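# Understanding the architecture of this molecule
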Amino acid sequence: MTTQLNSSFRGTQDLPKWLSPSLLVGFFLASFGLQVLLASNSDSADINFIPVAIFGLLSFTLALYVISRVIEGVRKAKDRLVTIMVSTAFSLALIPLLSLAYTVVTKGVARFDAEFFTFSMRNVVGEGGGALHAIIGTIEITGIATLISVPIGIMAAIYLVEYGRGTVARLVTFFVDVMTGVPSIVAGLFAYALFVIFFGPGVRMGLGGAIALSLLMIPVVIRATEEMLKIVPNELREAAYALGVPKWLTVLKVVLPTSLAGIATGIMIAIARVIGETAPLLLIAGFTASMNYNPLDERMMTLPVFVYTSYANQGVDMQAYVDRAWAGALTLMLIVMVLNLVARLISKYFSPKG
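A brief look at the structure comes next. (Residues numbered from 1 in each chain as written. Predicted model: local features only at pLDDT ≥ 70, side-chain atom pairs only at ≥ 80, totals over all residues. Heavy atoms only, no water.)

On a plain count of helices and strands, the protein chain comes out with 15 helices and 0 strands. A compact globule built from 354 residues should have a C-alpha radius of gyration of about 20 Å, whereas the protein chain, at 28 Å, is more than 25% larger. Here the C-alpha coordinates of the protein chain stretch approximately 80 × 75 × 35 Å along the principal axes. Counting all 354 residues of the protein chain, 37% fall into the buried class. (Helix = DSSP H or I, 4+ residues; strand = E, 2+ residues; numbered from the N terminus. Rg over C-alpha atoms; globule rule 2.2 N^0.38 Å. Buried < 20%, exposed > 50% of the residue type's maximum accessible area, 1.4 Å probe, protein only.)

Laid out in structure tokens, this is it:
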């Protein structure tokens, strides 16, 4: 038994730190050289980097595993193998994100100027113009949707965690799960049908867009708040009850402050999730080239719709429309990035210490 154990975990030396990166670079260079040789012997001179990456990675993984098994033993060899697999999966997931960010930034900076943020598209048919009307509309509609969704979501989550029992709680949970998977276009159709009842066919206004976005935000806020409330230790609740504090005051003064950082992060994530929606806003908020500060009157432009219409309905100067579309996409991406940074800061500074 001892002999088998020693043979399974044989190897007491560690591989030098420079060996792994050296092997990686060496095998990728060898794979690239082989691809160049094959391309030179064929009619096509193009080099496909996908086979280069696959062959180099597989060769590196096999070589490092064999070397580690011989020198370090089975256990460390398997650990290195799994580490390579996890790192590869992370890199593959990161490639589309980096590619998207690079494309949007490089194409969006062409119109990322002061005029873009200070002018609307009123009476503009070629170059120039801006997205001020779309930025204002996005801020107002998303802000109203947040004011609607956050109180409803937080109170629903408090009910499910602190009070909900039996059939009603199960029904609420079921409908929250259903709403989580509702397509955004369905939310837009619901908001449009609702406003048609009160304002007649053809209605378009910013408030309708806020209602549509709130339908998408509410389940996200409920789920995030529910999970944060569940991780609050029951000992804190019991200590408050032991002091004679009623349940509603315990929730208000103990449970919510303890989970505040997580709830705020979930709210920011919910905002970032709906701020880029196009279909529901195109249906109910509509399209306009002019400024509109009133969400209760007429059409209101938003950044996602601005990007879509700029690219889909190009005028005579096609490049000007495409540049504005990319600049709008870059603006929207920066807004989402700022929201995520705010969520991180809130989570860092308001989470319970110690």
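Resuming the write-up.
Attention shifts here to the packing of aromatic side chains. Under the definition given, this model contains 5 aromatic pairs. Residues Phe116 and Phe117 carry aromatic rings whose centres are separated by 5.3 Å and whose planes lie at 85° to one another, so their mutual orientation is edge-to-face. Taking relative accessible area as the criterion, Phe116 reaches 0% and is therefore assigned buried. The exposure class assigned to Phe117 is partly exposed, which follows from its relative accessible area of 29%. Ring centres of Phe174 and Phe175 lie 5.4 Å apart, and the angle between their planes is 70°; this geometry places the pair in the edge-to-face category. An aromatic cluster of three or more residues is present, and its members are Phe112, Phe116, Phe117 and Phe306. (Phe/Tyr/Trp six-rings, centres within 6.5 Å; stacked < 30°, edge-to-face > 60°.)

The subject of this paragraph is unusual backbone geometry. Residues other than glycine predominantly adopt negative phi, and peptide bonds predominantly adopt the trans conformation. Positioned with a positive phi, Asn123 is a non-glycine residue whose angle comes to about 65°. Its identity is not glycine, yet Glu298 carries a phi of approximately 65°, on the positive side.

Here we come to the pattern of salt bridges. Tallied over the full model, the rule gives 8 salt bridges. Between Arg111 and Asp113 there is a salt bridge, with the nearest N and O atoms lying 3.4 Å from each other. A residue is classified by how much of its surface remains accessible, and Arg111, at 10% relative accessible area, is buried. What makes Asp113 partly exposed here is its relative accessible area of 30%. One network of salt bridges, in which partners are shared, links Asp177, Arg223, Glu226 and Lys230. (Salt bridge = Lys/Arg side-chain N within 4 Å of Asp/Glu carboxyl O.)

Further remarks concern the layout of surface pockets. Of the pockets and cavities examined, the largest pocket occupies roughly 420 Å³. For the lining of the largest pocket, the leading source of residues is helix H4 (residues 74-108), giving 8 residues. Lining the second largest pocket are Leu97, Leu98, Leu100, Ala101, Val104, Trp326, Ala329, Leu332 and Met333. Counting only elements with at least two residues in the lining of the second largest pocket, the list comes to H4 and helix H15 (318-350). (1 Å grid on protein atoms, 1.4 Å probe; cavity = no way out; pocket = protein on both sides within 12 Å on 5 of 7 lines; lining within 4 Å. Points joined across faces, edges and corners; volume = space filled by probe spheres on them.)

Below, the discussion takes up the side chain of Thr146. Note that Thr146 resides in helix H6 (residues 132-163). Assessed through its relative accessible area of 16%, Thr146 is described here as buried. Apart from the residues within four sequence positions on either side, Thr146 is in contact with Pro151, Met217 and Ile271. (Contact = heavy atoms within 4.5 Å.)

When you line up the elements, Gly328 lands in helix H15. Separated by 217 residues in the primary sequence, Gly328 and Arg111 place their C-alpha atoms 8.9 Å from one another. Non-local contacts of Gly328, meaning those with residues more than four positions away in its chain, are made with Phe116, Leu303, Phe306 and Val307.

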